[in-house]
Structures are given as C-alpha cells and as structure tokens.
Amino acid sequence: MNAAAATNALDLTFERLKAEGKTALMPFITVGDPDPAATVDILVALQEAGADIVELGVPYSDPLADGPVIQRASERALVHHITIDTCLDTARKAKERGVTMPFVLFTYYNPALQIGLDRFFSKLQEAEISGLIIPDLPFEESAEVLALADAANIRLVPLVAPTSNDRIARIMSSARGFIYCVSSVGVTGERSSFFEGVEQFISSVKEQTELPVAIGFGISSSEQVRRFSEICDGVVIGSAIVRKIEESIPLLQDPETKSQGLLQIRDFVAQLKS
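Looking at an unreviewed UniProt entry, one finds the protein named Tryptophan synthase alpha chain and attributed to Paenibacillus woosongensis. As stated in UniProt under Subunit (unreviewed entry), the record for the protein gives "Tetramer of two alpha and two beta chains." Recorded in UniProt under Sequence similarities (unreviewed entry), the annotation for the protein is "Belongs to the TrpA family."

## Structural notes on the environment of Ala149
Tracing the sequence through the fold places Ala149 in helix H7 (residues 143–151). By relative accessible area, Ala149 is classed as buried at 0%. C-alpha separation for the pair Ala149 and Thr86, spaced 63 residues apart in sequence, amounts to 20 Å. Residues within four places of Ala149 in sequence aside, it is in contact with Phe121, Ile154 and Leu156.

## Description of the packing of aromatic side chains
Scanning the model with the defined rule gives 6 aromatic pairs in all. Ring geometry for Phe14 against Phe178: centres 5.6 Å apart, planes inclined by 50°, an arrangement best described as tilted. Taken as a pair, Phe14 in helix H1 (residues 9–19) and Phe178 in the loop between helix H8 (167–172) and strand S7 (179–182) lie far apart in primary sequence, 164 residues in all. When the ring of Tyr60 is compared with that of Tyr108, the centres are 5.0 Å apart and the planes differ by 20°; the resulting orientation is stacked. Of the two residues, Tyr60 is situated in the loop between strand S2 (54–57) and helix H3 (68–78) and Tyr108 in the loop between strand S3 (103–106) and helix H5 (109–115); the sequence distance between them amounts to 48 residues.

## Re the UniProt feature "active site" (unreviewed entry) in the protein
UniProt records the feature "active site" (unreviewed entry) for Glu55 and Asp66 in the present numbering. Structurally, Glu55 can be placed in strand S2. Accessibility expressed as a relative area gives 1% for Glu55, which makes it buried. In this view, Glu55 contacts Pro27, Phe28, Ile29, Val104, Phe106, Ile133, Tyr180 and Val236; residues no more than four positions away in its chain are not counted.

## Structural notes on helix H2 (residues 36–49)
Counted at 1.5 Å a residue, the expected span for H2 with its 14 residues is 20 Å, and the 20 Å between its end C-alpha atoms agrees. Counting buried positions along H2 yields 10 of 14 residues, so the element is predominantly enclosed. Those residues of H2 not exposed but buried are Ala38, Thr39, Val40, Asp41, Ile42, Leu43, Val44, Ala45, Leu46 and Ala49. Where H2 is buried, its residues touch strand S1 (24–30), S2, helix H4 (84–96), S3, helix H11 (239–252) and helix H12 (258–273). Capping of H2 at its N-terminal end is provided by Asp35; its side-chain oxygen lies 3.1 Å from the backbone amide nitrogen of Ala37. One or two positions beyond H2, positive phi appears at Gly50, with a value near 105°.

## Quick look at the pattern of salt bridges
For the structure on display, the rule yields 18 salt bridges. Here Arg76 ties to Glu246 by a salt bridge, and the two come within 2.8 Å at their closest N and O atoms. On the criterion of sequence distance, the pair formed by Arg76 in helix H3 and Glu246 in helix H11 is long-range, its members being 170 residues apart. In this structure, Arg76 and Glu246 share a single accessibility class: buried. Its salt-bridge partner being Glu223, residue Arg226 comes within 3.9 Å of it at the nearest N-O pair. Residue Arg226 and its partner Glu223 are located together in helix H10 (residues 222–229), separated by 3 residues, close to a single helical turn. Overall, the relative accessible area of 43% leaves Arg226 in the partly exposed class. Here the salt bridges share partners, and the residues they tie into one network are Asp33, Arg72, Arg76 and Glu246.

Thresholds, definitions, all that
Numbering of residues begins from 1 in every chain and follows the order in which that chain's sequence is written. For a predicted model such as this one, the threshold for reporting local features is a pLDDT of at least 70, and the threshold for listing and counting side-chain atom pairs is 80 or more; totals across whole chains, interfaces and linings nevertheless cover every residue. As a convention, hydrogens and water are excluded, and side-chain values are obtained from all of the structure's heavy atoms. UniProt positions are given in the numbering used here, feature names are shortened, and annotations may be inferred rather than shown by experiment. Every helix listed is a DSSP run of H or I at least four residues long, and every strand listed is a run of E at least two residues long, numbered separately from the N terminus. Only protein chains enter the calculation, and the probe is 1.4 Å; a residue is then buried if its accessible area is under 20% of its type maximum, exposed if over 50%, and partly exposed in between. Two residues form a contact once any of their heavy atoms are found within 4.5 Å. Any Phe, Tyr or Trp ring, taking Trp's six-membered ring, that has another such ring centre within 6.5 Å forms a pair; planes under 30 degrees apart are called stacked, those over 60 apart edge-to-face, and the others tilted. Multiplying 1.5 Å by the helix residue count minus one yields the expected span of that helix. Pairs of N or O atoms are called polar contacts if they sit within 3.5 Å, as long as, within protein, a hydrogen donor faces a hydrogen acceptor (for residues adjacent in sequence, only side-chain-to-side-chain pairs). Here, a salt bridge means any Lys or Arg side-chain nitrogen found within 4 Å of an Asp or Glu carboxyl oxygen.

What follows is the structure, encoded as structure tokens:
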C-alpha cells in the first residue's frame, strides 16, 4: 500500500476485527432495490444484524459478473433511475441515521467514466466511501484510477479468481484495502458447492499479501460463512441477501408491514453472522 495513504474506516474495521479474532461479515446490496428510501432502512437493519462492512452495488443495465438474482435487483432499482449520485446520497442518509459501517462502492467502469474520474472520486470522498470495486476494470488499465483513489484515501480493491493464475501476484502488488477472492468461476449466485481447490487458492493468496483476504460469489448459508471464516478475514454475501430482500418486497412496500419486512432481512443476516 502507498505508505503516504492515511488509514481509513475500512482499514480500521479489519484491524479491529483481527484484534478481536473475528471475521468481517460483508453484505452486498443493490442500491435502490426496491427503492432508495427502503435501501436506507435496509442498511440500518444490516448494522443491527451485526454486519461489519457493506458493498453498495450501483445498478447497471449490462453487468458482466452479476447472476440472475442481482440482475433482477438492478432492473427493479433502475425503474427509479438510480445513478451513482443516488447511491452516494443513500450512503449519506444512512450515515445520518447512525450507520457507521464502512461502505465499499461496487460499480462498473462506464458510469464512473461518464461522470469524469476526477469528479467521481471527489463525490466518493465527500460521501465518505471507504472502498471501491470495479469488476470490469483490468489490472493492466487501472493505474489512473488507482492514483486517483489513493489521492482520495479510497481503497481500490482488486478481484482475483482461480483462473487469474500468474496474474495474481501482479494484481496484488498494487492492491488496497483487502483482496477479494472469487470463490467460483462464473457469475454471482448462491451455490451449494465450490471448486475443489478453493482452500488452496485462498491459502496461496494469503501467502502473497499482508492485506486482509475476503471471499465472495456464491456464499449463502451460515455453514458456508463458518467454513470460510476459518481461513478468511472477510466473507461477502450478495445473492442470498438480495434474494431475501426480493422476497420481502411486498412487506417493505406496505407502510403497515415495512417493519416486519426489515425484521426478516435483519434476522436472516444475524443468522449468517452467528
């Protein structure tokens, strides 16, 4: 990591959890699903459930890495014309409601490029975003984004997959925040099993970095969270939580049952945490 970079909330959270012997529970949600106001309520519920770090997914019409559950969430969110600005405003409103978890923005490259990279990072800094994941930005083309992220004290988090092979060391040479290990080849989605060498893959990554190592893609049960908590510093749960939100939409959209819907989401995440 850039020696001049200041510590941010993402770093401090991983440091605290390491000192406590704990693993970060890292939910992914799609901002605006089912609507921006509900997203703020969901973020409050996630913190109450014990989540440590949250990935805020910017809905995108042409995703590369998203499976059907998150694609449907993006479609629902885009009905509300959700943009990066909407996502950052949602993050600010959540902080006003007392949410203290670090936020990692998950966006494809084109929306950031359309804003202009300088303005994009200025907006992220103003909204106190701690980390950034851009899944379609190749490492070989990331130098400008990395320099701007460092200047804004935002961690540009790399994705490494089992198929990255000899690129893993090069990717991690400029990694920030944490290393996001992709558990399986393919798109996001709940899975009952993972590729045979996943533990060896994670071990190999950990041997090559001093940064925290998190794993995501397909993790959907408390048993899987426990399994990977033994060997990782963070566990990302996306599709399973997004599916639970999808199932709770009828409750969330009725003012009389909204609290019940939020309780269902909170209890599901608390079960994963436990």
